[in-house]
Every structure is written in structure tokens, then in C-alpha cells.
Amino acid sequence: MADYTQQLREGVAWLRFRPAIEAEFRRSHLIRVRAQARFWQVFQIVVGLIASNAVLRGGSAENHLPLLFACLAAHLLVSAVLTGLAFSSSYLGSYLRVAAVLTPLRATAFAIIVADLVDTAGSGTAAMTINMFGLMFFSGLLLRQAMPAAIAMIAAFLAALTAFEVPAPVAAYSVSSLLVVFGLSAFVAWDTQRASRIAFLEHGVTRSDASRDALTGLANRRHFDARLEAMWRIAGNKQARLAVMLVDVDHFKAYNDRYGHQAGDEALRAVARAIEAEAGRRVLAARFGGEEMALLAAGVTEHEAEALAGRIRRAVEALDIPHEGAPEIGRVTVSIGGACIVPLPERSASGALQLADQNLYAAKRQGRNRVVFHGEEYAHVQTGSFRHGAGQS
């Protein structure tokens, strides 16, 4: 979550984030603008039908008709595809990608149709203005995607006016008006999307602060508890294993007594960084309380979970933080207890956590700086709240 803060420092002038945050922002953007996108695509179908009626009623030069019918077909086909996508279940995953490719094609076709209207009726600038405004603010496209369509529309409009031999004063007025609208709408769209991106990052920072431990930067206990329950349900539905690990800094009270609480805080931060580095993005690492950390890993085997715990233990030991109050090794170490369990109806998340806690204290009793994991000897244990209704947690 710290990425939000870093991205905020880097700024949003170019309207692009780092890939992971950009993907999250685009999903948020699509959810927010879905109603607008649906309206705009349906509106484009209506516009296409009105334009078709106008062409069929006559007035266009005979040699323009094949091109106009092709443009009308392209406009209606693209509008139908994008309307279907805007109302479909694949909207979030596909709309921006498909619309970014098809919208310039439709904008080009629309510009040619309007250029013919200017040729036959002497006006059509209002239609281009409405389409430009809608492209920038109602289509659901991000500015980077709307700009190529807008430029294609202007270029096609100018080329069609020239090809249709529209009088120079009329063509100049139409194109210059469209360019002014393009410049103003592009600036407002840039400013609006910039503000939207800043608000997205600030909200992300706020969310991160609410779920993060202030000292270590890991997730806090409240966030861990919520994720444990959620991941337990998901793992149960999939009948997949969920690994729960508790990590405790050995002889931490003695460390605080000897080196002071500021040094203790720095040691906890160093241990947290080592845990986070080994855990990676797919494993939730949290500060459970005091000098105790906790980890959640879904969809892993017991061997993989125990191997991760072993890497964490070695990484903390490799920090080589002196600890004269630790008689075993003389530097800061951790003990780790874990449980790797397939959630079943008679089991509970709190029971899995208790089992990890029992294994942690087994590691302490066996001499510290070691990993003790749920093994075969626990296969039939009914203890604590590992089974619902046992009366303890």
C-alpha cells in the first residue's frame, strides 16, 4: 500500500501510474463511469439511425453514397459492439481495450458523414461539437485513449471536406470551430482526470493508513483478523490449504531492557522488513501485537509454507542484530509456529490460529530460533476452538 504514497510524490501530470496502481485505477474508473458509457453507446446507435435516415432521404451526391453507406455501417456496427460490451459481464475486463481500438474507427466514419452534411446543407459543426464533447466526457475512455479518436475525427473531417470540395470559408469555419472545441474539451478532460487520479491516490493512502501498523508498516491486527476470516471462507469453498504462521522475536523484553525501547522499535522495523521481503505480495504479513507478527498464505502446501517460515527465520538471523540478552546465539532471532489446514465445516479460523500459537510456543520450548509446523501428529487433535463449540479460542 505504500505505493500510493510514492506514486503521489511522483505526481500524475502524465495521467499514468505504475502498472499495478494503473490497473486498480482503471477498474475504479470503469465502475464509476459505467452508466455514462452505456448512455453514450446507446446514443451513438440513435445518432447512426438518424444519419442513415438522412442519407436515405437523398440530398447527397451520387458518388458519395457508397462511401456514406460504408461509414454508416461501420458506425452502427461499432456502436452495437460497444453497447453490448457496456452492458455485458465482461465490461470491466474488456471495455477500455476494445473501445480504444474501435472508437477511432467510428469517429472517422462519423466525421465523413457530417462532412457530407456540411456539403449538402452548409452546416454540421454542432454535430461534431456534440460528438467531440461526448467522446471526451461520456464515452468512458481515459484521455490517453480518447485523444487518438478525437484526432482521427478532426483529420477525417478535414480530408472529407476537401474531397467533397466544400467551399473554403465554410470548411475553414467548421474545422476551426472543431479545433477550438477539441482544445477546450481536452484541457478540461485532462484537468478532470488529473483531479480524479489524485483523489484516487489520496483515498488509497487513507485506506492504507487505516489497515497498516504505524511502527512496522505491516498490516495491522484488525486487517489481519478480517483477512483471516475472508481467506478461511474462500479456502473452504475451494477446499484449498490455508497456512497461518505466528512469528515471535526471541527474548524481546530482554532486548528492550538492555538496549532501550527506541532500539527495540528499530529492531522490530528491521524484522518486519525482512519478513515482508521474504513473504512477497501474495502472502499477507501483519503485526499481530507487541513483538509478534503473523502471516497468511493461501493455496500453498505444508512443505511450501514451512519452507517460507524457514527463509524468514534465516533472514532475521542474517540481519545480525546484536542481542547480548539472547544466550542461545547472541543476536536477534525469531521463533515461528505454523499450521497449514484445509478448512472444514467442523473447523474454525480461530482454531487454526490457536494451533499456530501452540506450535510457536513449542518452538520456544525447544530452544527458540526455530520453526515448528502443524504435522501429522495433529491430524486428529480436537483442541481449543479448532473445532466449533469446543469452548475455547
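What you are looking at is a predicted structure, and each value in this text was computed from that prediction instead of being measured.

Rules used in this analysis
Residues numbered from 1 in each chain as written. Predicted model: local features only at pLDDT ≥ 70, side-chain atom pairs only at ≥ 80, totals over all residues. Heavy atoms only, no water. Axes fitted to C-alpha atoms, helices over the stretch in contact; angles between N-to-C directions. Helix = DSSP H or I, 4+ residues; strand = E, 2+ residues; numbered from the N terminus. Parallel < 35°, antiparallel > 145°, perpendicular 65-115°, else oblique. Left-handed = near helix turned anticlockwise from the far one by under 90°. Contact = heavy atoms within 4.5 Å. Phe/Tyr/Trp six-rings, centres within 6.5 Å; stacked < 30°, edge-to-face > 60°. Buried < 20%, exposed > 50% of the residue type's maximum accessible area, 1.4 Å probe, protein only. Lys NZ or Arg CZ within 6 Å of the ring centre and 35° of its normal. Salt bridge = Lys/Arg side-chain N within 4 Å of Asp/Glu carboxyl O. 1 Å grid on protein atoms, 1.4 Å probe; cavity = no way out; pocket = protein on both sides within 12 Å on 5 of 7 lines; lining within 4 Å. Points joined across faces, edges and corners; volume = space filled by probe spheres on them. Nonpolar A, V, L, I, M, F, W, Y, C, P; charged D, E, K, R; others polar. Pairing = 2+ DSSP bridges. Expected span 1.5 Å × (residues − 1). Bend = angle between axes of the 7 residues up to and from the residue. Right-handed = clockwise from strand over helix to strand, strands pointing away.

### A closer look at the packing of helix 5 (residues 125-137) against helix 6 (residues 143-163)
Any two packed helices are characterised by the angle at which their axes cross and by the distance between the axes. At a minimum axis separation of 9 Å, helix 5 and helix 6 run at an interaxial angle of 165°. Between helix 5 and helix 6, the angle is such that the two are roughly antiparallel. The chirality of how helix 5 crosses helix 6 is right-handed. From helix 5, Met128, Asn131, Met132, Leu135 and Met136 reach across to helix 6, where they touch Leu143, Ala146, Met147, Ala149, Ala150, Met153, Ile154 and Phe157.

### Points about the packing of aromatic side chains
For the coordinates displayed, the defined rule picks out 14 aromatic pairs. Plain terms: the ring middles of Phe133 and Phe138 are 6.1 Å apart, the flat faces sit at 50° to each other, and that makes the pair tilted. On the basis of relative accessible area, Phe133 is assigned to the partly exposed category, the value being 43%. Owing to a relative accessible area of 29%, Phe138 belongs among the partly exposed residues under this scheme. An aromatic cluster of three or more residues is present, and its members are Phe39, Trp40, Phe43, Phe133, Phe137 and Phe138. Here the guanidinium or amino end of Arg197 rests over the ring plane of Phe17, the centre of that ring lying 4.7 Å away. The ring of Phe288 carries the charged tip of Arg221 above its face, separated from the ring centre by 3.8 Å.

### Description of the pattern of salt bridges
In the structure shown here, the tally under the stated rule is 16 salt bridges. Here Arg197 ties to Glu22 by a salt bridge, and the two come within 2.9 Å at their closest N and O atoms. Here Arg197 is found in helix 7 (residues 168-211), whereas its partner Glu22 is found in helix 2 (residues 19-56), with 175 residues between them in sequence. For the pair Arg197 and Glu22, one class covers both residues: buried. Across the pair Arg258 and Glu324 runs a salt bridge, and its minimum N-O distance is 3.0 Å.

### Thoughts on empty space enclosed by the protein
Here the structure, examined in full by the defined rule, presents 2 cavities of 30 Å³ or more. Its boundaries defined by the atoms lining it, the largest cavity holds a volume of some 60 Å³. As for the largest cavity, its lining consists of Trp40, Gln44, Thr103, Arg106, Ala107, Asn131 and Leu135. Mapped by element, the contributors of at least two residues to the lining of the largest cavity are helix 2, helix 4 (91-121) and helix 5. Top contributing element to the lining of the largest cavity by residue count: helix 4, with 3 residues. For the lining of the largest cavity, a count of residues per class yields 3 nonpolar, 3 polar and 1 charged. Counted as a void, the second largest cavity has a volume near 30 Å³. As for the second largest cavity, its lining consists of Leu15, Glu22, Arg26, Leu142, Arg144, Gln193 and Arg197. Sorting the residues of the lining of the second largest cavity by element identifies helix 2 and helix 7 as the ones contributing at least two each.

### Points about the sheet that holds strand 4 (residues 334-341)
Here we have 5 strands laid out as an open sheet, ordered 2-3-1-4-5, and mixed in their pairing. If you trace the sheet from one side to the other, it starts and ends with strand 2 (284-289) and strand 5 (371-373), each paired once. In this sheet, neighbouring strand axes are inclined to one another by 20° on average, regardless of whether the strands run parallel or antiparallel. Two elements, strand 1 (residues 242-249) and strand 4, share 8 bridges in a ladder whose sense is antiparallel. Residue pairing in the sheet places Leu246 in a bridge with Gly337 of strand 4. Contacts from helix 12 (residues 349-365) reach strand 1, strand 2, strand 3 (292-298), strand 4 and strand 5, with the element oriented near 145° to strand 4.

### Observations concerning helix 5
Compared with an ideal rise of 1.5 Å per residue, which puts 13 residues at 18 Å, helix 5 spans 18 Å between its outermost C-alpha atoms and is within 8% of the ideal. Among the residues making up helix 5, those that are buried are Thr125, Met128, Asn131, Met132, Gly134, Leu135 and Met136. Buried positions along helix 5 lie against helix 2, helix 4, helix 6 and helix 7.

### A few points about helix 2
The terminal C-alpha atoms of helix 2 lie 48 Å apart, and with 38 residues this falls more than 12% below the ideal 56 Å at 1.5 Å per residue. Along helix 2, the helix axis deviates most sharply at Val33, where the bend reaches about 60°.

### What to know about the pairing of strand 4
Counting buried positions along strand 4 gives 8 out of 8 residues, so the element sits mostly inside the fold. Side chains of strand 4 alternate between two faces, with Val334, Ile336, Gly338 and Cys340 and Ser335, Gly337, Ala339 and Ile341 buried alike. Bridge analysis of strand 4 against strand 5 gives 3 bridges, and the strand direction is parallel. In the sheet register, Ile336 faces strand 5, and the bridge partner there is Val371. As for the winding sense of the linkage, the β-α-β connection from strand 4 through helix 12 to strand 5 is left-handed.

### Concerning the layout of surface pockets
Using a probe with the size of a water molecule, rolled over the atoms, empty space left in the structure can be pinpointed. As a volume, the largest pocket reaches approximately 1,000 Å³. Along the wall of the largest pocket there are 32 residues; nearest its centre are Arg212, Gly280, Arg281, Arg282 and Val283. Of all the elements in the fold, those that place two or more residues in the lining of the largest pocket are helix 1 (2-10), helix 2, helix 7, helix 8 (221-238), helix 10 (261-279), strand 2, strand 3 and helix 11 (302-318). Ranked by the residues each element gives to the lining of the largest pocket, the list is headed by helix 11, at 4 residues. A breakdown of the residues in the lining of the largest pocket according to their chemical character gives 16 nonpolar, 5 polar and 11 charged. Here the second largest pocket defines a volume of roughly 390 Å³. In terms of lining, the second largest pocket is formed by 20 residues, of which the most central are Ala51, Ala54, Ile113, Val114 and Leu117.

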